[in-house]
Amino acid sequence: MDKKTESLETLTEIRSMMERSVRFISLNGLSGVFAGIFAMVGAAAAYIFLKLNFTGLRYYDYAFLPDGSSNPSFYVFIFTDAFLVLIASLFVAILLSGRKAKKKGVKLWDSSTKRLLINMFIPLGIGGIFCIILIYHSLVGLVAPATLIFYGLALINASKYTLNDIRHLGLAEAGIGLLAAIWIGYGLFFWAVGFGVLHIVYGIVMYYKYER
């Protein structure tokens, strides 16, 4: 009986080592919460900026001047806002994930991390190019749905190299993106829900499930 128990423990340890070698397990739930908070702050800032400086019914109305030409101030603010949210989210994610990796005695940057990033950034890169094409054709209203859908696909694609829970977040993000494609005048709202609320809920669930 003791030998059987010892064999099971050995198999469990081997499985754990194999899991660590192929999956990135240092994701920190609190980083998702912070990313969600940053996204909601960014969406609120964009809403306030647009309402104070422009008049229009839909957020993408602000992308054009009365003569139909592109509005530079709209793009400058939106891209700056999104960039700051991204940088803040990445900084916190790297910081907290690094601490978690150190606590677990594993490396933050290894082959599993590379596989995760490669499989995540392929859909994100394609999505980014697609969004630029949409802007080029003045289809600004579809940019918000596209970002959510491609981000969701990126998470689904990367989920096999990290915790399976990421897949559920990806499906939810893609679903929110499809809804945003129906009600394209509410892009900022869907951004706040997708990048904000979903990340906060996901982060809390992950924290209590794996880190508490």
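Coordinates for the structure precede this section.
Keep in mind that this is a model prediction, so the values were computed, not measured. (Residues numbered from 1 in each chain as written. Predicted model: local features only at pLDDT ≥ 70, side-chain atom pairs only at ≥ 80, totals over all residues. Heavy atoms only, no water.)

Draft legend 1. Representation of the overall build of the protein chain in the model. Of the regular secondary structure elements, the protein chain holds seven helices and zero strands. Shown N-terminal to C-terminal, the secondary structure of the protein chain runs as helices and strands in the order α-α-α-α-α-α-α. Expressed as a percentage of its 212 residues, the buried residues of the protein chain come to 38%. Within the protein chain, contacts between residues separated by at least 24 positions form 74% of all contacts whose residues are at least 6 apart in sequence. Accessible area for the protein chain stands at about 12800 Å²; split by element, carbon and sulfur atoms hold 71% of it. (Helix = DSSP H or I, 4+ residues; strand = E, 2+ residues; numbered from the N terminus. Buried < 20%, exposed > 50% of the residue type's maximum accessible area, 1.4 Å probe, protein only. Contact = heavy atoms within 4.5 Å. Areas by Shrake-Rupley, 256 points an atom, 1.4 Å probe, with all protein chains shown as cover.)

Draft legend 2. How the structure looks around the side chain of Asp81. Of note, Asp81 is situated in helix H3 (residues 72–104). Taking relative accessible area as the criterion, Asp81 reaches 15% and is therefore assigned buried. Beyond its immediate chain neighbours, meaning those up to four positions away, Asp81 contacts Gly42, Ala43, Ala45 and Ala46.

Draft legend 3. Structural view of the packing of aromatic side chains. As enumerated under the stated definition, the model contains eight aromatic pairs in all. On the basis of an interplanar angle of 55° and a centroid distance of 5.3 Å, the ring pair of Tyr151 and Phe195 is categorised as tilted. With Tyr151 in helix H5 (residues 143–158) and Phe195 in helix H7 (residues 187–211), the pair connects residues that are 44 residues apart, well separated along the chain. Seen in terms of ring centroids, Tyr207 and Tyr208 are 5.5 Å apart; in terms of plane orientation they differ by 90°. Their pairing is edge-to-face. (Phe/Tyr/Trp six-rings, centres within 6.5 Å; stacked < 30°, edge-to-face > 60°.)

Draft legend 4. A look at helix H6 (residues 165–182). For H6, spanning 18 residues, the distance from its first C-alpha to its last is 27 Å, which sits close to the expected 26 Å at 1.5 Å a residue. Inspection of H6 places Asp165, Ile166, Leu169, Gly170, Glu173, Ala174, Ile176, Gly177 and Ala180 among the buried residues, and these make up the whole buried set. (Expected span 1.5 Å × (residues − 1).)

Draft legend 5. Structural detail: the packing of H5 against H6. Direction vectors running N to C along H5 and H6 enclose 160°, while the axes themselves pass 7 Å from each other. Considered as vectors, H5 and H6 are oriented roughly antiparallel to each other. Classified by chirality, the crossing of H6 by H5 is left-handed. The segment H5 lies against H6, with Pro145, Leu148, Ile149, Tyr151, Gly152, Leu155 and Ile156 engaging Ile166, Arg167, Leu169, Gly170, Leu171, Glu173, Ala174, Ile176, Gly177, Leu178, Ala180 and Ala181. Residue composition of the contact of H5 with H6, grouped by class: 14 nonpolar, three polar and two charged. (Axes fitted to C-alpha atoms, helices over the stretch in contact; angles between N-to-C directions. Parallel < 35°, antiparallel > 145°, perpendicular 65-115°, else oblique. Left-handed = near helix turned anticlockwise from the far one by under 90°. Nonpolar A, V, L, I, M, F, W, Y, C, P; charged D, E, K, R; others polar.)

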